[in-house]
Amino acid sequence: MAAPIDTLVTVFGGSGFLGRHVVRALVKRDYRVRVAVRRPELAGHLQPLGKVGQIHAVQANLRYPASITAAMRDASVVVNLVGILTESGKQSFDAVQARGASAIAQAASAIAARMVHVSAIGADANSESGYARAKAAGEQAVLEAVPSATVLRPSVVFGPEDLFTNRFAGLARIAPVMPLFGAETRLQPVYVGDVATAVADAVDGKTKAGATYELGGPEVLTMRQILQIILATIERKRVLLPVPFGIAKLQSYLLQFAPGALKLTPDQVVMLQVDNVVSEAAKAAGLTLEGLGIAPDSLEAIAPQYLWRFRSTGQFAHNGSH
């Protein structure tokens, strides 16, 4: 295989939350990275991650195959990180996560590039959730077009710019009572830096061809436990009010139009009814972070590094820690 500096990796969705960490992991390993995004002018924050000329942003829209092909020119490896948590306008789950993934995979196949596709634990063709069905369709399309592709399925991803822990911490800052949806649903929160390392390992060729890896953190936690960790981290006492799924579903019809932290869609309520953890089959086959030799970081170890700003005292908490 060519030396990293001679290897061009095209990353679709490279300017997002996971994307910036993936780009950082790749440039640290000396790859040249072309970031394919809908709005390159919003990808300027990636430049300082690499050396001069190492990172290049180009415009690509998954609905226009010619832009996908152009973004892949001379690339040896293609990474697809494109995904959405809620639908809006033309950005439907199906358009982005199924047809978009298929278009990228077909273009990669045409130039015989290797492919790394990031999906999600819970991807399931038979799910009631449109998100989960589209993720499954995307995986299938990728493996049909590029049978040697590596599929990575993270559980819920946390880290400095996430829309998960930051959202709850932000809510705790303003609300004395916090609604708790899916109180006993089990998740396996995985640190964004560990997912990015797994992507870089796949680009390195360390993953099994055609295999699907499931990426989870070191602990399985219920939604209740996750919120308790967040509240302890930001040193705020709040009442957690469990909301039954029937009521959550009704509320979601209104909350799907709410801004920011208050947003809750019917599809998210469906997803919250199913555990989101690494399967026993993946563990047995070694298709996990640990199987790649990555020791995952825990939510409790990482969250204080970026959630401190939600404390009432700000950065300098009363226990003397900075």
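What you see is a predicted model; the values in this text were computed from it and never measured.

## Comments concerning the overall build of the protein
- A count of helical and extended segments in the protein gives 12 helices and 13 strands.
- For the protein, whose C-alpha radius of gyration is 20 Å, the value lies close to the compact-globule estimate of 20 Å for 322 residues.
- C-alpha atoms of the protein, sized along the principal axes, occupy 55 × 45 × 40 Å.
- Of the contacts made within the protein by residues no fewer than 6 positions apart, 75% connect residues no fewer than 24 positions apart.
- By element, 56% of the accessible surface of the protein is carried by carbon and sulfur atoms, the whole surface being about 14600 Å².
- Looking at the protein, you have 31 positive and 25 negative side-chain charges, and the mean spots of the two groups are 7 Å apart.

## Thoughts on unusual backbone geometry
- For Asp30, which is not a glycine, the phi torsion comes out positive at approximately 75°.
- Its place among the elements puts Asp30 in the loop between α1 (17-28) and β2 (32-37).
- A relative accessible area of 34% places Asp30 in the partly exposed class.
- The phi dihedral of Asp74 falls on the positive side, at around 70°, and the residue is not glycine.
- Here Asp74 shows up in the loop between α2 (65-71) and β4 (77-80).
- A residue is classified by how much of its surface remains accessible, and Asp74, at 65% relative accessible area, is exposed.

## Some remarks on the packing of helix α5 (residues 165-174) against helix α7 (residues 223-233)
- At a minimum axis distance of 10 Å, the contact between α5 and α7 shows a crossing angle of 65°. Judged by the sense of rotation from one axis to the other, the crossing of α5 with α7 is right-handed. Where α5 approaches α7, its residues Thr165, Phe168, Ala169 and Ala172 are matched on the opposing element by Met223, Leu227, Ile230 and Leu231.
- Its residues placed into classes, the contact of α5 with α7 shows seven nonpolar, one polar and no charged.

## Some remarks on the environment of Leu62
- When you line up the elements, Leu62 lands in the loop between β3 (55-59) and α2.
- Among the residues examined, Leu62 registers a relative accessible area of 17% and is labelled buried.
- Taking C-alpha positions, Leu62 is 17 Å from Tyr131, a pair spaced 69 residues apart along the chain.
- Other than its neighbours up to four places away in sequence, Leu62 contacts Phe12, Ile68, Val82, Val96, Gly100, Ala103 and Ile104.

## Considering the pattern of salt bridges
- The tally for this structure, following the rule as stated, stands at 14 salt bridges.
- For Arg99, the salt bridge goes to Asp94, with nearest N and O atoms at 2.7 Å.

## A short note on the packing of aromatic side chains
- In this structure the tally under the stated criterion is three aromatic pairs.
- On the numbers, 5.7 Å between centres and 80° between planes, the contact of Phe164 with Phe168 is edge-to-face.
- Classification of Phe164 as buried rests on a relative accessible area of 11%.
- Given the relative accessible area of 13%, Phe168 is considered buried.

## With respect to a nonpolar patch on the surface
- A cluster of nonpolar side chains, Val177, Val239 and Leu241, forms an exposed patch at the surface whose accessible area comes to about 250 Å².
- Topologically, Leu241 is positioned in strand β13 (residues 239-243).

## Notes on the side chain of Arg153
- Take Arg153: it is sitting in strand β6 (residues 150-154).
- Residue Arg153 is classed as buried on the basis of its relative accessible area, which comes to 16%.
- For Arg153, the side chain forms a polar contact with the side chain of Glu139, separated by 2.7 Å.
- Residues in contact with Arg153, not counting those within four places in the same chain, are Ser119, Ala120, Ile121, Ala123, Glu139, Thr212, Tyr213, Glu214 and Leu215.

## Here's the deal with the sheet that holds strand β5 (residues 114-118)
- Read across the sheet, seven strands follow the order β3-β2-β1-β4-β5-β6-β11 without closing on themselves; strand pairing throughout is parallel. Two strands lie at the open edges of the sheet, namely β3 and β11 (212-215), each paired on one side alone. Pairwise comparison of adjacent strand axes, ignoring direction, gives a mean angle of 20° for this sheet.
- Across three bridges, the pairing between β5 and β6 is parallel. What sits directly across from His117, in β6, is Val151.
- Contacting β1 (8-12), β2, β3 and β5, α1 crosses the sheet at an angle of about 165° to β2.

Reading the values: the criteria
- Along each chain, residues carry numbers from 1 onward, in the same order as the chain's sequence is written.
- Per-residue local features are limited, in this predicted model, to residues with pLDDT of at least 70; the limit for side-chain atom pairs, both in listing and counting, is 80 or more; totals at the level of whole chains, interfaces and linings are taken over all residues.
- Excluded from the side-chain calculations are hydrogens and water; all other atoms, namely the structure's heavy atoms, are used.
- Think of it this way: any DSSP run of H or I at least four residues long counts as a helix, any run of E at least two long counts as a strand, and we number them from the N terminus.
- In this description the radius of gyration comes from C-alpha coordinates, and the expected globular size is given by 2.2 Å times residues to the power 0.38.
- Contacts between residues were defined by any pair of non-hydrogen atoms, one from each residue, lying within 4.5 Å.
- Working definition of accessibility: Shrake-Rupley area with a 1.4 Å probe, residue cover restricted to the visible protein chains.
- When charges are tallied, Lys and Arg are placed among the positive residues and Asp and Glu among the negative ones, while His and the ends of the chain are skipped.
- Charge positions are represented by NZ for Lys, CZ for Arg, CG for Asp and CD for Glu.
- Each residue is placed in one exposure class: buried if its accessible area under a 1.4 Å probe, protein chains only, is under 20% of its type's maximum, exposed if it is over 50%, and partly exposed if it falls in between.
- To get an axis, fit a line to the C-alpha atoms, keeping to the stretch in contact for a helix; angles then go from 0 to 180 degrees between the N-to-C directions.
- Whether a crossing is left-handed or right-handed is set by the direction in which the near helix is turned from the far one by less than a right angle, anticlockwise for left-handed and clockwise for right-handed.
- Classes in brief: Ala, Val, Leu, Ile, Met, Phe, Trp, Tyr, Cys and Pro nonpolar; Asp, Glu, Lys and Arg charged; the others, Gly included, polar.
- Any carboxyl oxygen of Asp or Glu that lies within 4 Å of a side-chain nitrogen of Lys or Arg is treated as forming a salt bridge with it.
- Whether two aromatic rings pair depends on their centres lying within 6.5 Å, for rings of Phe, Tyr and Trp, where Trp uses its six-membered ring; planes under 30 degrees apart make the pair stacked, over 60 edge-to-face, and the rest tilted.
- A patch is a set of surface residues, each over 30% in relative accessible area and not in a salt bridge, joined within 9 Å for like charges and within 5 Å for the nonpolar side chains Val, Leu, Ile, Met, Phe, Trp and Tyr.
- By the criterion applied in these results, polar contacts are pairs of N or O atoms within 3.5 Å in which, for protein atoms, one can donate a hydrogen and the other can accept it, and in which residues neighboring in sequence qualify only through two side-chain atoms.
- In this scheme, strands are said to pair when DSSP sees at least two bridges between them.

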